[in-house]
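Fold and geometry: a report
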Amino acid sequence: MRRALIWAVDLAFVANGLFMVVAPAAWYGFIPGVANSGPFNPHFVRDIGCAYLVAGGGLLWFAFDGRARAAAVIAAGFLTLHALVHLLDWAADRESLMQLAIDAPTVLVPGAFIFKIARPGSAFFKERTYDQMAAAAAPRRIRTEL
């Protein structure tokens, strides 16, 4: 269940990033509340799309290989800082509480979720030691003795 949720979030980030890079004007009109944040700037939308692609790619790498925690931590850094920008804009009265509520499921919650799973010692992905990997592989070894 946890891995399915992580995969869903990772793929959503990659899809969002691709949408932003390939069709920034369509993305700008499609995502609720984005038009309230300021005038459309295709270069800026594509820049952020690239950040989402990198974050999603790093998280997918981590989903495939628990040893790629550094990639997940970097992705979590972007997502957490992005969420903090939205919170600070609300705190400084540059963003309404309604806009913050609109942003919550797509910006705030995923940022907190990825931060939680990416941190070292997270229960989401337990890193295995060499000894654990060797013990797991022992029953599958081909016997060469007669």
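Residues numbered from 1 in each chain as written. Predicted model: local features only at pLDDT ≥ 70, side-chain atom pairs only at ≥ 80, totals over all residues. Heavy atoms only, no water.

**Some points on the environment of glycine 56**
- When you line up the elements, glycine 56 lands in helix α3 (residues 42-64).
- For glycine 56, a relative accessible area of 0% gives the class buried.
- Among all residues touching glycine 56, those that are not within four sequence positions of it are Asp10, Phe13 and Val14. (Helix = DSSP H or I, 4+ residues; strand = E, 2+ residues; numbered from the N terminus. Buried < 20%, exposed > 50% of the residue type's maximum accessible area, 1.4 Å probe, protein only. Contact = heavy atoms within 4.5 Å.)

**Quick look at unusual backbone geometry**
- Phi at aspartate 93 takes a positive value of approximately 65°, unusual for a residue other than glycine.
- Mapped onto the elements of the fold, aspartate 93 is located in the loop between α4 (69-91) and α5 (97-118).

**A look at the packing of α4 against α5**
- Close contact between α4 and α5 brings their axes to 8 Å; oriented N to C, the two are set at 155°. One way to sum up the angle between α4 and α5 is to call them roughly antiparallel. When you trace α4 past α5, the crossing you get is left-handed. Contact residues: Arg69, Ala72, Val73, Ala76, Leu79, Thr80, His82, Ala83, His86, Leu87 and Trp90 in α4; Leu97, Leu100, Asp103, Val107, Leu108, Gly111, Ile114, Phe115, Ile117 and Ala118 in α5.
- Looking at the contact of α4 with α5 residue by residue, the classes come out as 15 nonpolar, four polar and two charged. (Axes fitted to C-alpha atoms, helices over the stretch in contact; angles between N-to-C directions. Parallel < 35°, antiparallel > 145°, perpendicular 65-115°, else oblique. Left-handed = near helix turned anticlockwise from the far one by under 90°. Nonpolar A, V, L, I, M, F, W, Y, C, P; charged D, E, K, R; others polar.)

**Notes on α5**
- Along its length, α5 reaches its greatest deviation from straightness, about 70°, at alanine 104, and the proline proline 105 lies no more than four positions downstream.
- Those residues of α5 that sit buried are Gln99, Leu100, Asp103, Val107, Leu108, Pro110, Gly111, Phe113, Ile114, Ile117 and Ala118. (Bend = angle between axes of the 7 residues up to and from the residue.)

**Side note on the nonpolar core**
- By size, the foremost hydrophobic cluster in this structure holds 21 residues, and its most contacted members are Phe13, Trp27, Leu59, Leu79, Phe113 and Ile114.
- Of all the elements in the fold, those that place two or more residues in this core are α1 (2-22), α2 (24-30), α3, α4 and α5.
- Of all the elements, α3 adds the most residues to this core, at six residues.
- Setting aside residues no more than four positions away along its own chain, leucine 79 makes contact with Phe13, Tyr52, Leu59, Gly111 and Ile114. (Core = buried A, V, L, I, M, F, W, Y, C linked by side-chain atoms within 4.5 Å.)

**Some remarks on the packing of aromatic side chains**
- One pass over the full model with this rule turns up five aromatic pairs.
- On the numbers, 5.8 Å between centres and 65° between planes, the contact of phenylalanine 19 with phenylalanine 30 is edge-to-face. Residue phenylalanine 19 is found in helix α1, and its partner phenylalanine 30 is found in helix α2; the two are separated by 11 residues along the sequence.
- On the accessibility criterion, phenylalanine 19 (28% relative accessible area) is partly exposed. (Phe/Tyr/Trp six-rings, centres within 6.5 Å; stacked < 30°, edge-to-face > 60°.)

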